[in-house]
Amino acid sequence: QEQLVESGGGLVQAGGSLRLSCAASRSIFSGNPMGWYRQAPGKQRELVASITYSDRADYADSVKGRFTISRDNANNIVYLRMNSLKPEDTAVYYCNSPVDPTRNLVRGSWGQGTQVTVSS
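A brief structural summary. (Residues numbered from 1 in each chain as written. Predicted model: local features only at pLDDT ≥ 70, side-chain atom pairs only at ≥ 80, totals over all residues. Heavy atoms only, no water.)

Considerations on the pairing of strand β1 (residues 4–7)
The test is simple: Accessibility here uses a 1.4 Å probe with only protein chains present; expressed as a share of the type maximum, an area under 20% marks a residue as buried, one over 50% as exposed, and anything in between as partly exposed. Here a strand is any run of E in DSSP of at least two residues, a helix any run of H or I of at least four, and the numbering for each starts at the N terminus. Here a strand pair is declared whenever DSSP counts at least two bridges between the two strands.
Only one face of β1 is buried: it carries Leu-4 and Glu-6, and the other face, with Val-5 and Ser-7, is open. Taken together, the four bridges between β1 and strand β3 (residues 18–24) define a ladder with antiparallel strand orientation. When the sheet's bridge partners are listed, Val-5 is paired in β3 with Ala-23.

Some points on the packing of aromatic side chains
Basically, it comes down to this: Under the pairing criterion, centres of Phe, Tyr and Trp rings, with the six-membered ring standing for Trp, must be within 6.5 Å; the plane angle then separates stacked pairs below 30 degrees from edge-to-face pairs above 60, leaving the rest tilted.
Under the defined criterion, the tally for this structure stands at two aromatic pairs. Each ring, one from Tyr-37 and one from Trp-110, has its centre 5.0 Å from the other, and the planes form 85°; the classification is edge-to-face. Residue Tyr-37 is found in strand β4 (residues 34–39), and its partner Trp-110 is found in the loop between β11 (105–106) and β12 (114–119); the two are separated by 73 residues along the sequence. Residue Trp-110 is classed as partly exposed on the basis of its relative accessible area, which comes to 32%. Ring geometry for Tyr-94 and Trp-110: centres 5.7 Å apart, planes at 75°, overall edge-to-face.

Examining the pairing of strand β7 (residues 67–72)
Residues of β7 alternate between two faces, with Phe-67, Ile-69 and Arg-71 buried on one and Thr-68, Ser-70 and Asp-72 left unburied on the opposite face. Of the strand pairs in this sheet, β7 and strand β8 (residues 77–82) are connected by six bridges, and their pairing is antiparallel. Residue pairing across strands places Ile-69 opposite Leu-80, the latter belonging to β8. The hairpin turn running from β7 into β8, its antiparallel successor, is four residues long, and Asn-76 in that turn takes a positive phi close to 60°.

Structural notes on the environment of Asn-104
Rules: Every residue pair with non-hydrogen atoms within 4.5 Å of one another is taken to be in contact. What qualifies as a polar contact is a pair of N or O atoms within 3.5 Å, subject to a donor-acceptor requirement within protein and to the restriction that residues adjacent in sequence count only when both atoms come from side chains.
Summarising the element assignment, Asn-104 is placed in the loop between β10 (98–100) and β11. Classification of Asn-104 as partly exposed rests on a relative accessible area of 28%. When the C-alpha positions of Asn-104 and Leu-47 are compared, they lie 7.7 Å apart, and in sequence the two are 57 residues distant. Ignoring anything within four residues of it in the chain, the contact list for Asn-104 reads Tyr-37 and Arg-45. Side-chain polar atoms of Asn-104 contact the backbone oxygen of Arg-45, separated by 2.8 Å.

Right under this line is the structure:
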């Protein structure tokens, strides 16, 4: 059964940190790249970080140097460490396996996401 379960969000002050976790089903995770997406109110969902199965990471310019994506291949978990958070990082964060990032095509059904709110 395909499943993506995100956790770790919350309310934090600007400059603070959070670590998000995503438990994925093996069918989505194993051998595939994984990514963290976010969707702010009134905006489209965007890919902010991705990581290949061999740990090559890539980041959107808006989070480069502040966010770190990592994965635990033994337990099918992907993480997003977020430092130096800004109010503009406020969004619902989702994980999934990107198939075509230019068209936001993904491998699994979207989970519930986890809310991140950064206060100024």
